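Chain by chain, the residues:
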Amino acid sequence: MTGLIWHGTQDFQSFQKARHACDQGDGLSGYTWTEHDAREGGVQTIKDPTNNVIVTTELLKVQGGEHGGSWAARIKGEPLDSAFLSRTSFIFYFGVDGLGGLEMDTDEDENGLEGPVKFSGSTPDLGDFTIRIVDGPDNNAVTNSPHAQAFADRIGKTHFTGMRTVPGDVWKARELLMNAVLKHAQEVIAPFQDPAKGAPHPSFVLQLPDEVYTASNLFAVQKSFDGEFQFDVFFESGSAKQKLSSSILDNGIPAFKEKFAKKFNEKFPFPEGASDALIAFSKSVTSNLIGGIGYFYGDSIVDPGFTREWDEEEASDEEGKAFWSQLDRIEGATYCYSEPKDEGFHLLHIGAWDNDLSLEILKDWINLIDEDGWVAREQILGEEARSKVPSEFITQFPSYANPPTLTMAVTADLRTLIWAWTSAVDTQAIFSDDAASLSAGDDYLKRPELAQEFLRSIYPKLRRHYDWFRRTQRGQIKQYGRTARSRTEAYRWRGRSEQHVLTSGMDDYPRGPAHAGELHLDLMSWMAFFTRTMRDIAGYIGEADDEKSFVAIEKAILDNLEDLHWSEEDQMYCDIGINTDDESDFVCHKGYLSLFPFLLGLLEPSSPHLASIFDILRSPDHLWSPYGIRSLSASHPDFGQGENYWKGPIWIQMNYMALSSLYKKYAKEPGPNQARAKEIYAELRKNVIDNVFKEYERTGYVWEQYDAITGEGRRSHPFTGWTSLVTMILAEKY
């Protein structure tokens, strides 16, 4: 594990605001990967106005050897405003948790080190390796400050520490290292208590202690600067047998940028007239998504017995005692924890950039499916992740689902091959128009047999997950005298509260009263889409009997979607609830929910309901805004009320779903609403792109959601998970 901490040395207070994690509370005016490829490296820019510094990190991966290769990183900075001082201190750390070890090869010195600093180590996965930290040629330290003479032996040197952490605690590096600096500072500043003489400069005091404990598994080096600076870090794999130097960064980063730009233009061809600023923005959000991929592992807390009162009649008698359940590895997006519903959208974009990488991540998610077919709604794996999550969200419940958006990733990643094989089209013809865009990361696209092998490997668990949904989230039909062509296909999210249906992903969206008899339109729609995906996979891998079964189930769900969820009186699709007379009744709220059969492309272009859906979508009184489709009608009494999470704000992933359905189906295929679909598509696409880009230029960030009235970015930022889909919208990749 490696990491970077920095703080200003303009005053002592800045130490308490040291930067480490990507925390929106740090008050940065922007931080972004401007280029990033998981196979090659990346360039990141961080603007820190509090400390008047622009930090640039450059990473270059060097292939070779048997353990994943080597890498080189350059950390450099310059004043954000050259009219003011920029004084900073950087701590680069690295640690090993588990089997393996680290040693400091450079001789220790109690006053710090001059010249390169070298460490060596070994782990089962990485083999033997070395780490070197090398200064740039023009670094300067603070020298002209009160009491400088008292610290002359330490100024301008690299300070260091090595410590032994408790097993499993190396992730607490920031806390441990900051405490080490603070303890050293308290000792050093003790002789300087006379207010008349003033305190030494913070860069003289806030230093690592220059000591290494026996059997240390966490090391850190610290460098303090006055003005511009640069230092390089080299990780050299022993099996690669290649010596790295600063010249590899001098030459390699410009070459990487050129290669990245070429690949980006091939993967995301933009329409003529797209501005340089818009293209740079798209590169940035794509790079942030790829650069934010994390690898998390650990245990998850699961309570198998908890149920809400409206779920009790269907619950087992198993005691509701929390236990520890060891989960497999997970490879996710930009968070310390993630949800399947988020990852499906992330993988759409990742797959367009690097198909093989997206499939590797997808397989990790599929491997989380347990023997019952369940996967936890939130993957909060290990103590580090739990330390960053509110306690009420930590415990997971095996009866709770999450929208199966991973099926969207399966369909998108392999759609070309599935269509080609089922249509008996020669595979060379598939790629004739796109051959130039096939590159590293496209092996599954080049070799259909690999794609088939991959699908065969995930099919059993995905089928188990599908069966779990049908078994555990089934809704009631005959109990309330409901009439439908199928007696079985109806669905209800488990685990809701009176005010929230967190399992649906649309937390506070208006619903009816919580009741065991309610039926949820969005889950019914997701199950139709899930069934269609399973049908395609089964057909592709030759599971003919399963394919036939999925065809029948899909028809039954679509029939019941009409029989149960369409309200002729309201001219919209609705949830179904139980009224005060204990009778089945429609629960209708114009918004994303009422659009679901359209959003997932379940309706035929000839559907008589499509015009009514377009009326709701296109009406400024309801969902239409100059910035995208709102989540709830502007005329709804709950619009903008309460938490206002899904009660009006604009979500980019939902707009992407609408644009995708319009582009691929309703504006493309003949039907009575085709012309209108084309108009809506063109307007909506422009509105979404213009607003997300405008807010990025205004604030330096893309946002979790956008205000339903003003279009301004709201809540978490930067949010380059599903909001990064704006690049897909620009390139019209759906």
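Use the structure listed above.
The structure contained in this document is the topic of the report that follows.

Scoring rules and cut-offs
Sequence order as written defines residue numbering, which begins from 1 separately in each chain. Thresholds applied to this predicted model are a pLDDT of at least 70 for local features of residues and 80 or more for the giving and counting of side-chain atom pairs; totals over whole chains, interfaces and linings are not thresholded and use all residues. Here the side-chain values reflect all heavy atoms present in the structure, with hydrogen atoms and water set aside. Numbered from the N terminus, helices here are DSSP runs of H or I no shorter than four residues, and strands are runs of E no shorter than two. As defined in this context, the radius of gyration uses C-alpha atoms, and a globule is described by 2.2 Å times the residue total to the power 0.38. To sort residues, take the accessible area from a 1.4 Å probe on protein chains only and compare it with the maximum for the residue type: under 20% means buried, over 50% means exposed, and anything in between is partly exposed. Between two residues, a contact is recorded if the distance between any of their heavy atoms is within 4.5 Å. When charges are counted, Lys and Arg contribute as positive and Asp and Glu as negative, whereas His and the chain ends are disregarded. Where a charge sits is defined by one atom per residue type, namely NZ (Lys), CZ (Arg), CG (Asp) or CD (Glu). We call Phe, Tyr and Trp rings a pair once their centres come within 6.5 Å, taking the six-membered ring for Trp, and we label the pair stacked below 30 degrees between planes, edge-to-face above 60, and tilted otherwise. Geometrically, a lysine NZ or arginine CZ counts as sitting over a ring once it is within 6 Å of the ring centre and also within 35 degrees of the ring normal. Residues enter a patch when their relative accessible area is above 30% and they make no salt bridge; the linking distance is 9 Å between like charges and 5 Å between nonpolar side chains (Val, Leu, Ile, Met, Phe, Trp, Tyr). Here the open area of atoms and residues is found with the Shrake-Rupley method and a 1.4 Å probe, where only the protein chains shown may cover a residue. Definition used for salt bridges: Asp or Glu carboxyl oxygen within 4 Å of a side-chain nitrogen of Lys or Arg. What a helix should span is 1.5 Å times the count of its residues minus one. By definition, two strands form a pair when at least two bridges between them are found by DSSP. To get an axis, fit a line to the C-alpha atoms, keeping to the stretch in contact for a helix; angles then go from 0 to 180 degrees between the N-to-C directions. N or O atoms closer than or at 3.5 Å make up a polar contact, with two conditions inside protein: a donor-capable atom paired with an acceptor-capable one, and, for residues adjacent in sequence, both atoms drawn from side chains. Residues enter a nonpolar core if they are buried and are Ala, Val, Leu, Ile, Met, Phe, Trp, Tyr or Cys, with the set joined through side-chain atoms within 4.5 Å.

1. Thoughts on the overall build of the protein
Part 1 of the reasoning: Counting secondary structure elements, the protein contains 18 helices and 23 strands.
Part 2 of the reasoning: Rg of the C-alpha trace for the protein: 28 Å, near the compact-globule value of 27 Å for 734 residues, within the 12% margin.
Part 3 of the reasoning: With the principal axes as the frame, the protein shows a C-alpha extent of 90 × 60 × 50 Å.
Part 4 of the reasoning: Counting all 734 residues of the protein, 57% fall into the buried class.
Part 5 of the reasoning: Taking as baseline every contact in the protein between residues at least 6 positions apart, the subset at least 24 positions apart corresponds to 69%.
Part 6 of the reasoning: For the protein, the distance from the average position of its 72 positive side-chain charges to the average position of its 112 negative side-chain charges is 3 Å.

2. Examining the packing of aromatic side chains
Part 1 of the reasoning: Going through the model one piece at a time under the given rule, you end up with 46 aromatic pairs.
Part 2 of the reasoning: Relative to Phe219, the ring of Phe119 lies with its centre 5.3 Å away and its plane at 55°, an arrangement referred to as tilted. Of this pair, Phe119 sits in strand β8 (residues 117-123) while Phe219 sits in strand β12 (residues 218-226), and the two are 100 residues apart along the sequence.
Part 3 of the reasoning: With a centroid separation of 5.5 Å and an interplanar angle of 40°, the aromatic rings of Tyr663 and Tyr681 are classed as tilted. With a gap of 18 residues between them, Tyr663 in helix α16 (residues 652-666) and Tyr681 in helix α17 (residues 674-699) connect regions that are remote in the sequence.
Part 4 of the reasoning: Taking the relative accessible area as the measure of exposure, Tyr663 reaches 36% and is therefore partly exposed.
Part 5 of the reasoning: By relative accessible area, which is 9% here, Tyr681 ends up buried.
Part 6 of the reasoning: Ring pairing ties together the aromatic residues Phe345, Tyr592, Tyr645, Trp646, Trp651, Phe719 and Trp722, which thus form one cluster.
Part 7 of the reasoning: The positively charged end of Arg618 is found above the aromatic ring belonging to Trp624, 4.2 Å away from the centroid.
Part 8 of the reasoning: In this structure, Lys733 is placed above the aromatic ring of Phe268, and the distance from its NZ or CZ to the ring centre is 5.8 Å.

3. Concerning the side chain of Arg685
Part 1 of the reasoning: In this fold, Arg685 is placed in helix α17.
Part 2 of the reasoning: Setting aside its immediate chain neighbours within four residues, Arg685 contacts Pro271, Leu659, Ile729, Leu730, Glu732 and Tyr734.

4. A short note on a negative patch on the surface
Part 1 of the reasoning: On the surface, Glu569, Asp570, Asp581, Asp582, Glu583 and Asp585 cluster together into a negatively charged patch.
Part 2 of the reasoning: Among the residues examined, Glu583 registers a relative accessible area of 46% and is labelled partly exposed.

5. Section: helix α12 (residues 521-540)
Part 1 of the reasoning: Look at α12: 29 Å from first C-alpha to last across 20 residues, which is about the 28 Å you get at 1.5 Å a residue.
Part 2 of the reasoning: Judged by how many residues are buried, α12 sits mostly within the fold: 17 of 20 residues are covered.
Part 3 of the reasoning: Once α12 ends, the next one or two residues include Gly542, with phi positive near 85°.

6. Quick notes on the sheet that holds strand β9 (residues 127-135)
Part 1 of the reasoning: With antiparallel pairing, eight strands are arranged side by side in an open sheet as β2-β3-β4-β5-β13-β9-β8-β7. Edge positions in the sheet fall to β2 (30-37) and β7 (101-104), since each of these pairs with one other strand and no more. Taken pair by pair, the neighbouring strands of this sheet meet at an average axis angle of 15°, ignoring direction.
Part 2 of the reasoning: Relative to strand β13 (residues 229-237), strand β5 (residues 70-78) runs antiparallel, the two being bridged by seven bridges. Its bridge partner lying in β13, Arg74 is registered against Asp232.

7. Remarks on the pairing of β9
Part 1 of the reasoning: Where burial is concerned, most of β9 is hidden: seven out of the nine residues are buried.
Part 2 of the reasoning: When β8 meets β9, the two strands line up antiparallel, connected through seven bridges. Within β9, the residue paired with Lys118 across the bridge is Arg132.
Part 3 of the reasoning: Sheet topology note: the β9/β13 ladder contains seven bridges and is antiparallel. Directly across from Phe129, in β13, lies its bridge partner Ser237.

8. Regarding the pattern of salt bridges
Part 1 of the reasoning: All chains considered together, the criterion is met by 40 salt bridges.
Part 2 of the reasoning: Measuring nitrogen to oxygen at the nearest pair gives 3.4 Å for the salt bridge that ties Glu378 to Arg377. Both residues of the pair, Glu378 and Arg377, belong to the buried class.
Part 3 of the reasoning: The residue Arg714 makes a salt bridge to Glu712 at a minimum N-O spacing of 3.3 Å.
Part 4 of the reasoning: Accessibility expressed as a relative area gives 30% for Arg714, which makes it partly exposed.
Part 5 of the reasoning: Connected through salt bridges with shared partners, the residues Arg485, Lys555, Asp559 and Asp563 form a single ionic network.

9. Looking at the sheet that holds strand β1 (residues 2-8)
Part 1 of the reasoning: Strand order in this open sheet of five strands is β1-β6-β12-β10-β11, and the pairing throughout is mixed. Looking at which strands have only one partner, the edges of the open sheet turn out to be β1 and β11 (211-212).

10. Digging into the side chain of Ser120
Part 1 of the reasoning: Counting through the fold element by element, Ser120 comes out in strand β8.
Part 2 of the reasoning: A distance of 3.1 Å separates polar atoms of two side chains, one belonging to Ser120 and the other to Asp105.
Part 3 of the reasoning: Look past the residues within four positions of Ser120 in its chain and what remains in contact with it is Gly101, Leu102, Glu103, Asp105, Phe129 and Thr130.

11. Structural notes on the environment of Gln396
Part 1 of the reasoning: Inspection of the secondary structure assignment puts Gln396 in the loop between α7 (382-386) and α8 (406-422).
Part 2 of the reasoning: Note: C-alpha distance between Gln396 and Leu362 (34 residues apart in sequence) is 21 Å.
Part 3 of the reasoning: With near-sequence residues (within four places) excluded, Gln396 lies in contact with Ser300, Ile301, Val302, Asp303, Trp374, Ala376, Arg377, Glu378 and Ile380.
Part 4 of the reasoning: Polar contacts involving the side chain of Gln396 include one to the main-chain amide nitrogen of Arg377, which spans 3.3 Å.

12. As for unusual backbone geometry
Part 1 of the reasoning: Residue Pro718 is reached from His717 by a cis peptide bond, and omega for that bond is -10°.
Part 2 of the reasoning: Its identity is not glycine, yet Asp582 carries a phi of approximately 60°, on the positive side.
Part 3 of the reasoning: Mapped onto the elements, Asp582 comes out in the loop between β20 (575-578) and β21 (584-587).

13. Let's talk about the nonpolar core
Part 1 of the reasoning: Among the nonpolar cores identified, the biggest contains 168 residues, and Phe90, Phe119, Ile133, Phe231, Phe281, Phe598 and Phe614 are the most heavily contacted of them.
Part 2 of the reasoning: Sort the elements by how many residues they give to this core and α12 lands first, with 12 residues.
Part 3 of the reasoning: Every residue in contact with Phe598, bar those within four places of it in the chain, is listed here: Leu603, Leu610, Ile613, Phe614, Leu617, Ala658, Ser661, Leu662 and Tyr666.
Part 4 of the reasoning: Judged by nonpolar contacts, the second largest core, of 25 residues, contains Val142, Phe192, Phe204 and Leu206.

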